[in-house]
Amino acid sequence: MLSTLRIAAISAAVVAVAATSTTAFAQKKYDTGATDTEIKVGNIMPYSGPASAYGVIGKTEEAYFKMINDQGGINGRKINFVSYDDAYSPPKAVEQVRKLVESDEVLFVFNPLGTPSNTAIQKYLNSKKVPQLFVATGATKWNDPKNFPWTMGWQPSYQSEAQIYAKWLLKEKPDAKVAILYQNDDFGKDYLKGTKDGFGAKASSAIIMEESYEVSEPSIDGHIVKIKAANPDVLLIYTTPKFGAQTIKKTAELGWKPLQIITNVSASVGSVMQPAGFDNAQGVLSAAYAKDGADPQWNDDPGMKKWIAFLDKYMPGADKTDGSIVYGYGAAQTLAKVLEMCGDDLTRANVMKQAASLKDFAPDTLLPGVKINTSPTDFAPIAQLQMQRFKGQKWELFGDIISGDVPSQ
Amino acid sequence: MSAAEEVVTEAPAVEAVPKRAMTLGYGTSLVVLAALVIIPLLVKNFIIFQMTMLLIYALAVLALNILTGGSGQFSLGQSAFYAVGAYTSAILMEHAGMNYALTLPIAGIICFGFGFLFGQPALRLSGVYLALATFALATAMPQLLKLGYFEHWTGGVQGLVVTKPDAPFGLPMSQDMWLYYFTLVVSIGIYIASVNLLRSRSGRAFMAIRDNEIAASAMGVDVALYKTLAFGVSAGITGVAGGLGAIAVQFVAPDGYTIQLAISLFLGMVVGGVGWLPGSIVGSAFIIFVPNIAEGISKGLSGAVFGVLLFLVIFLVPHGARQVAIVAQQLIAKLKKN
């Protein structure tokens, strides 16, 4: 009796699946923003204001989609990339995103930048059921498919990166006396939390000092002097690029040689290590998930060759040391992959479904071995990093690829 | 600063009838009001949202106008009052579960108190020195909001997400439209109150202080009281605007209330015409739409294009929208004669 029921159920399921899949193949399905010839993609970027350096990401993505269009588009459809300036201001972000959704009628919003801006638009986009895809921020809260099924991150979260550092220290330097220098905002505090979580019960004994600075401070030399007085042997540099370079330079000037670990955000050879002085930066540790455009070790890498060919043709004169270009390229390539997987079913629901079924996808610019994986319960596409040590004029990777998935709380 | 100061000191000379020059005639007022009531019925929700923001910033510009145009004091710290109002509304709505409409008067009162108290030490300062003191307030505010001590209420750097209210009594209108009309009613109320304030005894005291402090005190005006009062009223109105802004944007975060906002409001006041209350809405339109226009012209150079447009406005019509309105009025009068 039971077995017959089961057979009946299975056959019914098979019939149902067959029926749905044939209809999916038979007809094209569109939501607002998609047609036979075009996919309209919305984006907001700080092209002006305090974070305008990141505007390069938007320009890279625009150039990448131009390349895709020149190659015939995705499944025969051109990408129409509409990108507005939000000046890194949450009220402006809301205005611009509403313009994208209600006036330009985009299919979804891709790679909007900044934690405050994304927080401001998250509720709106989720209530409108418009995908907020691959947000350009490393905050941990974007991996929350249960409460925000229309929001998905892209890069590894700051907390998971910090956990990797803490775990590495626990293993390699169990008696470390750790000092943390962090930026007094969501960025720095996420790192701080990740580190404490990573140390677990040992956090209070291992961390001997937490020193914060404001992003508006012109120089952080005073903080370094203060930290040195506490005499730690490990310095965690949870800063943005400018301050990262200042920290490495100042510790060298003081003749102080603690073990230094710097955030991935500030690991750029061109904009941090070089200004800090290569001599001063020897032995600094960090973790990476993407290749550095200024690093000669990737000169013969097939992925980076494609990247350089793209830059030469579509962004001539671009600064190859700018990590934002590597970032924008990788994010845009991930989106192109998702749209390819969507086929002719360009509904908002299917875009999210396909984005949540990426399996071992490796964009050209990610480190060998780092792969993008998502599932309906895992909205953190990149969750792997590898430790690296600065030697000579470049980063040398060492150790295994470490996974640091952190569920949003 | 000297250009702006010149505007203030010259202002009485431009106005033929000081009392009436601060407002619009009844006919014009009704036309503007009708437009503000009817347009939302015809446009998309997104435009309605923009119009809501227009009214909100207009309120904030109006508040600054009362302070600078009315009592002749400068402030680059309006963003701080705006932030306090926004956070007051957001915290009361999200943590205390209070009705959004009730949070606005509370935001107004708290900001009034804050502005009044700030006005006490500021009394000793004038002109550019006062502007700098308020500038300090504006730069300090975002960091104060991030302080760990307040984090439990403010949400720290992450900010607070605010729930948007639905239309009450089952009215068949979208959240955006309801919020727009709600904002419109509040704005009209505050506008009328402001006009009456400036026409009242207190308003005359403000203007007397603006024109000549010594003469004003000789006439028996309590200069200290009225100066702080002007600060308080201005801060209170800005606070209400901040509260409305928090509800409309559905989010408050320290990064939304930087010195940038204070400068925008100042800009809006100058473009609208210092001391001319109806100009507030023109100034507000300028700070909302002109950056978008600039971006449309050139994305990479939007800041430069904005600068050029601003320069043109200041160069061609230094007295802002008021000057345009006066010229238009004279033209119409001429046409009528003919």
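Residues numbered from 1 in each chain as written. Chains lettered and ligands numbered in written order. Predicted model: local features only at pLDDT ≥ 70, side-chain atom pairs only at ≥ 80, totals over all residues.

Enquirer: How would you explain the overall build of chain B if you had to name every residue and give the values?
Expert: Each helix and strand counted, chain B has 16 helices and two strands in total. Taken over the C-alpha atoms alone, chain B extends approximately 55 × 50 × 45 Å along its principal axes. Counting every position in chain B, which comprises 338 residues, the buried fraction comes to 50%. (Helix = DSSP H or I, 4+ residues; strand = E, 2+ residues; numbered from the N terminus. Buried ≥ 20, exposed ≤ 12 C-beta atoms within 10 Å, placed from the backbone.)

Enquirer: Describe the domain arrangement of chain A, and please don't skip the residues or the numbers.
Expert: All names here are of chain A. According to the domain assignment, chain A consists of domain 1 (38–156 + 296–378) and domain 2 (159–288 + 388–403). Here domain 1 and domain 2 have C-alpha centroids that lie 28 Å from each other. Tallying the contact residues gives eleven residues for domain 1 and twelve residues for domain 2. Broken down by class, the residue content of the side of domain 1 that touches domain 2 amounts to five nonpolar, six polar and no charged. (Domains from an automatic or database assignment. Contact = placed C-beta atoms within 7 Å. Nonpolar A, V, L, I, M, F, W, Y, C, P; charged D, E, K, R; others polar.)

Enquirer: So what's going on with the nonpolar core? Residues and values would help.
Expert: Core analysis: the largest hydrophobic core is formed by 214 residues, its most contacted members being Val97(A), Leu181(A), Leu236(A), Leu59(B) and Ala60(B). Among the elements that make up this core, the one with the highest residue count is helix H4 (residues 45–71) of chain B (17 residues). In this structure, this core is formed jointly by two domains, domain 1 (38–156 + 296–378) and domain 2 (159–288 + 388–403) of chain A, each of which donates at least three residues. (Core = buried A, V, L, I, M, F, W, Y, C linked by C-beta atoms within 7 Å.)

Enquirer: So what's going on with the interface of chain A and chain B? Which residues, and what values?
Expert: Across the contact, 24 residues belong to chain A and 23 residues belong to chain B. Elements with a contribution of two residues or more to the side of chain A that touches chain B: strand E3 (78–85), helix H3 (90–103), helix H4 (115–128) and helix H6 (186–199) of chain A. Per element, the largest residue contribution to the side of chain A that touches chain B is eight residues, and it comes from H3(A). When its residues are assigned to classes, the side of chain A that touches chain B shows nine nonpolar, five polar and ten charged.

Enquirer: Residue-level account of the environment of Gly27(B), with values.
Expert: Residue and element names in this part refer to chain B. Position of Gly27 among the secondary structure elements: in helix H3 (residues 26–42). Residue class for Gly27 comes out exposed when judged on the 8 C-beta atoms lying within 10 Å of it. In the structure, Gly27 is positioned 232 residues away from Ile259 in sequence and 38 Å away in space, judged by C-alpha atoms.

Enquirer: Residue-level account of the packing of helix H6 (residues 100–122) of chain B against helix H12 (residues 223–249) of chain B, with values.
Expert: Residues and elements named next belong to chain B. As a packed pair, H6 and H12 sit with axes 6 Å apart at the nearest point and diverge in direction by 145°. Once H6 is placed against H12, the crossing between them reads as right-handed. Residue classes in the contact of H6 with H12 are distributed as 17 nonpolar, 13 polar and one charged. (Axes fitted to C-alpha atoms, helices over the stretch in contact; angles between N-to-C directions. Left-handed = near helix turned anticlockwise from the far one by under 90°.)

Enquirer: How would you explain unusual backbone geometry if you had to name every residue and give the values?
Expert: All names here are of chain A. Located in the positive-phi region is Asn231, a residue other than glycine, with phi close to 60°. Here Asn231 lies in the loop between helix H8 (221–230) and strand E8 (234–238). Looking at Asn231, the number of C-beta atoms within 10 Å reads 12, which means it is exposed. Although it is not a glycine, Asp360 sits at a positive phi angle of roughly 50°.

Enquirer: A description of the confidence of the model for chain B should follow, citing residues and the corresponding values.
Expert: Atom-level detail of predicted coordinates should not be read off regions where pLDDT is low. Residues and elements named next belong to chain B. Here chain B shows a mean pLDDT of 84. Residues at 70 or above account for 93%. Low pLDDT, under 50, characterises residues 1–17; the predicted model gives this stretch 19 contacts beyond four residues in sequence or across chains. The ipTM value of the predicted complex is 0.74, and its pTM value is 0.78. (pLDDT = per-residue confidence, 0-100.)

Enquirer: Let's hear about H4(B): which residues, and what values?
Expert: Residue and element names in this part refer to chain B. An ideal rise of 1.5 Å per residue puts 39 Å on 27 residues; H4 measures up with 38 Å between its terminal C-alpha atoms. A maximum bend of about 30° is found in H4 at Asn65. Among the 27 residues of H4, 24 are classified as buried, and the element is accordingly described as predominantly covered. Just beyond H4, the residue with positive phi is Gly72, at close to 75°. (Expected span 1.5 Å × (residues − 1). Bend = angle between axes of the 7 residues up to and from the residue.)

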